[in-house]
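Secondary and tertiary structure notes
Given next are the chains, with one letter for each unit.
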Amino acid sequence: MQDTKAISAQVGLIAGIASALLLAGAVAPSYMAMLLIASASLPVLIAGLGWSNLASIIAVVSGTAVIATMSGPLAALSAALTSLGPAAWIAHLSNLARPAEEIGGPEGKLAWYPLSDIVTQICMIVAVVLVILGAVMGYGPELAGELVDSFVQILNEGNQGLTLDAASIEDMKALMRVMLPLVQGATWVGILFGMYYIARGIVSMSGRAKRPREDVPAQLRMPRTSLYTFGIGIVITLLAPAPYDLVGWVIMGSFGAGFVLSGFALMHFMTRGKPWRPIAIWLAYMAVILFTLPLILFLVFGLTATGRLATMTPNQPKS
């Protein structure tokens, strides 16, 4: 037992340092920096999924400490809230299981924490964290305006003949104010789920996975309760005064991303066995990458297909 705990502690320490180094490598805005930031949760997920909660907790603590030393306490808090902490919690949820008969299932089976609930928790965590960070950083018209002014300045430097009138710039600032929390919520949900999916694959290949590999296209659906949360987000954007309407945009972005993921899973499931499946999937992804607007179609797919399905495996008798 002591050896197991010691190994978990060592794995967690290494994972935490790896996560901190990934974030430290993102020093300048670039595609590589975005990739490094997105990958920061991966070591923590691998530690938690393949070893134990102790490993993921130590990874969070050590990673946060290293980031605080290198970049300061605010950067460490942001990393702990957006990447390291959520990764440890996702790994914990993924490893949860109980006898299936406790939820009305067959005897002798284990029911694992539903994938739909894991995705919902990711959406909820992202929404709460972004609201907290927005309040701490003072997100609002001023910050959105600064971002637009910087963008316009870069645009003018690259194209001297381009001029934007004051009305156009003000419209851009108003749009940025609501689009940034919407896009941030959606993007971060996609990142966390993507890193979880990759970590699950890595741990499964290593033979250390506790949870069996589920049929993602068949099981990835948002639960019905998420419809109400998404609806609440819409109501807040319409009725709440500024700046509280931004909370609604964060909820819409975060939970909307969950429904989009469900829509993609539904597409993969419904096209199974069809001879034209590879072409259809390739065209769908290319359309999303090139035009973005087709995401609305997958959002609708996800909204119309809700459900919860637990993965079942034989219960291993205690030796």
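Predicted model only: the values in this text are computed from it and were never measured.

The next thing to look at is the overall build of the protein. In terms of helices and strands, the protein carries 13 helices and 3 strands. When the 319 residues of the protein are sorted by exposure, 42% land in the buried category. For the protein, the proportion of contacts with a sequence separation of at least 24, taken over those separated by at least 6, is 74%. As displayed, the protein has an accessible area near 17,100 Å², and 70% of this comes from carbon and sulfur atoms.

Our focus in this paragraph is the nonpolar core. Ranked by size, the top nonpolar core spans 61 residues in total, and within it Leu-45, Ile-122, Phe-193, Tyr-196 and Leu-220 carry the most contacts. Viewed by domain, this core spans two of them, domain 1 (1–95) and domain 2 (99–318), each represented by three or more residues. If sequence neighbours within four positions are ignored, Leu-220 has contacts with Leu-115, Val-119, Phe-193, Leu-261, Ser-262 and Ala-265.

Let us now look at the UniProt feature "transmembrane region" (unreviewed entry) in the protein. Look at the UniProt record and you will see "transmembrane region" (unreviewed entry) annotated at residues 12–37, 44–68, 118–140, 178–199, 220–240, 246–267 and 279–303. Regarding residues 44–68, the helix share stands at 92% and the strand share at 0%, and the terminal C-alpha atoms are separated by 17 Å. In this annotation, residues 220–240 is assigned 71% helix and 0% strand; the end-to-end C-alpha distance for the span is 32 Å.

Looking now at the pattern of salt bridges. Within the structure shown, the criterion is met by 4 salt bridges. For Glu-214, the salt bridge is made with Arg-200, and the minimal N-O distance between the two is 2.6 Å. With Glu-214 in the loop between α8 (166–206) and α9 (216–219) and Arg-200 in helix α8, the pair connects residues that are 14 residues apart, well separated along the chain. Given a relative accessible area of 7%, Arg-200 falls into the buried group. Here Asp-215 ties to Arg-272 by a salt bridge, and the two come within 2.5 Å at their closest N and O atoms. You can see Asp-215 sitting in the loop between α8 and α9 and its partner Arg-272 sitting in the loop between α11 (245–270) and α12 (277–291), a full 57 residues away along the chain. Since its relative accessible area comes to 37%, Arg-272 is described here as partly exposed. One continuous salt-bridge network, built from bridges that share partners, spans Arg-200, Arg-211 and Glu-214.

The geometry of helix α3 (residues 42–50) relative to helix α4 (residues 53–71) is characterised by a closest axis approach of 7 Å and an angle of 155 degrees between their N-to-C directions. Comparing the axis directions of α3 and α4 gives the class roughly antiparallel. Where α3 approaches α4, its residues Val-44, Ala-47 and Gly-48 are matched on the opposing element by Ala-55, Ser-56, Ala-59 and Val-60. Taken together, the residues of the contact of α3 with α4 break down into 5 nonpolar, 2 polar and no charged.

Taken together, Leu-74, Leu-77, Met-124, Val-128, Ile-132, Val-136 and Met-137 make up a surface patch of nonpolar side chains, about 670 Å² in accessible area. Elements that contribute at least two residues to the nonpolar patch include exactly α5 (73–94) and α6 (115–137). Considering every element that reaches the nonpolar patch, the biggest residue donor is α6, with 5 residues. Topologically, Ile-132 is positioned in helix α6.

Let us now look at the packing of α11 against helix α13 (residues 295–304). Relative placement of two packed helices is described by the angle separating their axes and the distance separating the axes. Where α11 contacts α13, the two axes come as close as 7 Å, and the packing angle between them is 85 degrees. One finds that α11 runs roughly perpendicular with respect to α13. For the pair α11 and α13, the contacting residues are Gly-256, Phe-259, Val-260, Ser-262, Gly-263, Phe-264, Leu-266 and Met-267 in the first and Leu-295, Phe-298, Leu-299, Phe-301, Gly-302 and Leu-303 in the second. In terms of residue class, the contact of α11 with α13 is made up of 10 nonpolar, 4 polar and no charged.

Cut-offs applied
- Residues numbered from 1 in each chain as written.
- Predicted model: local features only at pLDDT ≥ 70, side-chain atom pairs only at ≥ 80, totals over all residues.
- Heavy atoms only, no water.
- Helix = DSSP H or I, 4+ residues; strand = E, 2+ residues; numbered from the N terminus.
- Buried < 20%, exposed > 50% of the residue type's maximum accessible area, 1.4 Å probe, protein only.
- Contact = heavy atoms within 4.5 Å.
- Areas by Shrake-Rupley, 256 points an atom, 1.4 Å probe, with all protein chains shown as cover.
- Core = buried A, V, L, I, M, F, W, Y, C linked by side-chain atoms within 4.5 Å.
- Domains from an automatic or database assignment.
- UniProt positions renumbered as here; feature names shortened; annotations may be inferred.
- Salt bridge = Lys/Arg side-chain N within 4 Å of Asp/Glu carboxyl O.
- Axes fitted to C-alpha atoms, helices over the stretch in contact; angles between N-to-C directions.
- Parallel < 35°, antiparallel > 145°, perpendicular 65-115°, else oblique.
- Nonpolar A, V, L, I, M, F, W, Y, C, P; charged D, E, K, R; others polar.
- Patch = residues over 30% accessible without salt bridge, like charges linked within 9 Å, V, L, I, M, F, W, Y side chains within 5 Å.

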